[in-house]
Amino acid sequence: MSGAVLSFAVMAVAVRELLRHVGILEILALRTVVSLLVVCAIVSRHGFATLRTRRVPEHAARALLHLGGQFCWMYAIAALTLATVFAIEFTMPVWTAVLAAIFLHERLTAPRLVQLVLGLAGVMIILRPGLGAFHPAALVMVLGSVFYASNMIFTKRLSATDSPLAVTFWMSVVQLPVTAVAAAPQWVMPSIADLPWILAIGCGSFAAHYSMTRAMKVADATVVVPIDFIRLPLIAVVGALFYNEPFDPMVIAGATVIFVGTYFSLSRERGAAPAR
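Overview of the structure. Just so we're clear, the structure is a prediction, and the values are computed from it rather than from any experiment.

### Considering the packing of aromatic side chains
How two aromatic rings sit relative to each other is set out by the distance from centre to centre and by the angle between their planes.
Part 1 of the argument: Throughout the structure, instances matching the rule amount to five aromatic pairs.
Part 2 of the argument: Geometrically, the ring pair formed by Phe-90 and Phe-229 is tilted, given 5.5 Å between the ring centres and 35 degrees between the ring planes. Residue Phe-90 is located in the loop between helix 4 (82–89) and helix 5 (92–103), and its partner Phe-229 is located in the loop between helix 10 (221–228) and helix 11 (231–243); the two are separated by 139 residues in the primary sequence. Phe-229 matches Phe-90 in its accessibility class, with the two residues each being buried.
Part 3 of the argument: Ring geometry for Phe-169 against Trp-170: centres 5.2 Å apart, planes inclined by 80 degrees, an arrangement best described as edge-to-face.
Part 4 of the argument: Judged by its relative accessible area of 21%, Trp-170 is partly exposed.
Part 5 of the argument: Through a chain of ring-to-ring contacts, the aromatic side chains of Phe-90, Phe-229, Phe-259 and Tyr-263 assemble into a single cluster.
Part 6 of the argument: In this arrangement the basic side chain of Arg-16 is found over the ring face of Tyr-243, its NZ or CZ atom lying 4.8 Å from the centre.
Part 7 of the argument: In this arrangement the basic side chain of Arg-231 is found over the ring face of Phe-8, its NZ or CZ atom lying 4.6 Å from the centre.

### With respect to the environment of Gly-204
Part 1 of the argument: Mapping Gly-204 onto the fold places it in helix 9 (residues 195–218).
Part 2 of the argument: Residue Gly-204 is classed as buried on the basis of its relative accessible area of 7%.

### Some words on the state of the cysteines
Part 1 of the argument: The full count for this structure, using the stated rule, is zero disulfides.
Part 2 of the argument: Among the cysteines around Cys-203, which has no disulfide bond, Cys-40 carries the closest sulfur, lying 13 Å off.
Part 3 of the argument: Relative accessible area serves as the criterion here: at 36%, Cys-203 is assigned to the partly exposed category.

### Here we look at unusual backbone geometry
Part 1 of the argument: The phi torsion at Asn-244 lies on the positive side, around 55 degrees, for a residue other than glycine.
Part 2 of the argument: One can find Asn-244 in the loop between helix 11 and helix 12 (249–272).

### Concerning the side chain of Thr-32
Part 1 of the argument: Within the secondary structure, Thr-32 is located in helix 2 (residues 24–46).
Part 2 of the argument: For Thr-32, the contacting residues outside a window of four places in its chain are Ser-172, Gln-175, Leu-176 and Thr-179.

### Quick notes on the environment of Arg-20
Part 1 of the argument: Locating Arg-20 in the fold gives a position in the loop between helix 1 (2–18) and helix 2.
Part 2 of the argument: Each C-alpha atom of the pair Arg-20 and Ile-153 lies 34 Å from the other, and the pair is 133 residues apart in sequence.
Part 3 of the argument: A distance of 3.0 Å separates the side chain of Arg-20 from the side chain of Glu-17, its partner in a polar contact.

### Digging into a nonpolar patch on the surface
Part 1 of the argument: Residues Leu-25, Phe-71 and Tyr-75 make up a contiguous nonpolar surface patch of about 250 Å² in total accessible area.
Part 2 of the argument: Looking at where Leu-25 falls in the secondary structure, it is placed in helix 2.
Part 3 of the argument: Looking at Leu-25, the relative accessible area reads 32%, which means it is partly exposed.

### Quick look at the pattern of salt bridges
Part 1 of the argument: Throughout the structure, instances matching the rule amount to six salt bridges.
Part 2 of the argument: Taking the shortest distance from any N to any O, the salt bridge between Arg-55 and Glu-58 comes out at 2.9 Å. For the pair formed by Arg-55 and Glu-58, the shared burial category is buried.
Part 3 of the argument: Residue Arg-231 pairs with Asp-228 through a salt bridge whose shortest N-O separation is 2.7 Å. In this structure, Arg-231 and Asp-228 share a single accessibility class: buried.
Part 4 of the argument: A single network of salt bridges, built from pairs that share partners, joins Arg-55, Glu-58 and Arg-157.

Rules used throughout
Residues numbered from 1 in each chain as written. Predicted model: local features only at pLDDT ≥ 70, side-chain atom pairs only at ≥ 80, totals over all residues. Heavy atoms only, no water. Phe/Tyr/Trp six-rings, centres within 6.5 Å; stacked < 30°, edge-to-face > 60°. Helix = DSSP H or I, 4+ residues; strand = E, 2+ residues; numbered from the N terminus. Buried < 20%, exposed > 50% of the residue type's maximum accessible area, 1.4 Å probe, protein only. Lys NZ or Arg CZ within 6 Å of the ring centre and 35° of its normal. Disulfide = S-S within 2.5 Å. Contact = heavy atoms within 4.5 Å. Polar contact = N/O pair within 3.5 Å; in protein donor to acceptor, adjacent residues only side chain to side chain. Patch = residues over 30% accessible without salt bridge, like charges linked within 9 Å, V, L, I, M, F, W, Y side chains within 5 Å. Areas by Shrake-Rupley, 256 points an atom, 1.4 Å probe, with all protein chains shown as cover. Salt bridge = Lys/Arg side-chain N within 4 Å of Asp/Glu carboxyl O.

The following block contains the structure:
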């Protein structure tokens, strides 16, 4: 999980650096190329049978939702402080619980309702609508969190039958032509100096999702989620050191409220789960 935290931070810095002269759609296309190459290199050693699937339409839907989330995330990184972007991103479990109740018919239990209320309260603390600190890009990031939550719903359904490598592979296969065609009209040839950042965002994307998946597999969510929260102070320090971004205690406060709701929901539902 520490590897995932570090990877997300590296990705954010890479996006900020590439956005100086490369468009978001082009960054998405380059990220997808690198991620696809990494997956193919791994699959070549384990066999291509792991990529088999009978659920291509669901993979396509998941890939497009993830792509929407990535676009919103990069758009927000260009306009907001890194800490604000990461803080809003922590609302993803809230939207996941709501969407799971709607589409997977999972119960919206009392702990999840507490998570929902505290999550929305945390967003209001971060955004502070009407107090002069609000930026429209923050709403774009809220939408991005909803996209990510929708992506998680599809991931949960696909993971029942398909391998993690298959999910990552088909995501890249679907996203590559979409991002390449969309970026083509305004394509800017990357420079040699951009290459480390392109590799960082592509490899970081794969490493982050793989590390988080492994963490969830070997440890309980109540152990994993607190470590994930370290992303916020880490990225706040990165933003302050490298981009002179001011420290906003309200962002930390709002994210803490969101985290408390998420952790409360996880711990209570874990305690209520029957022994196996």
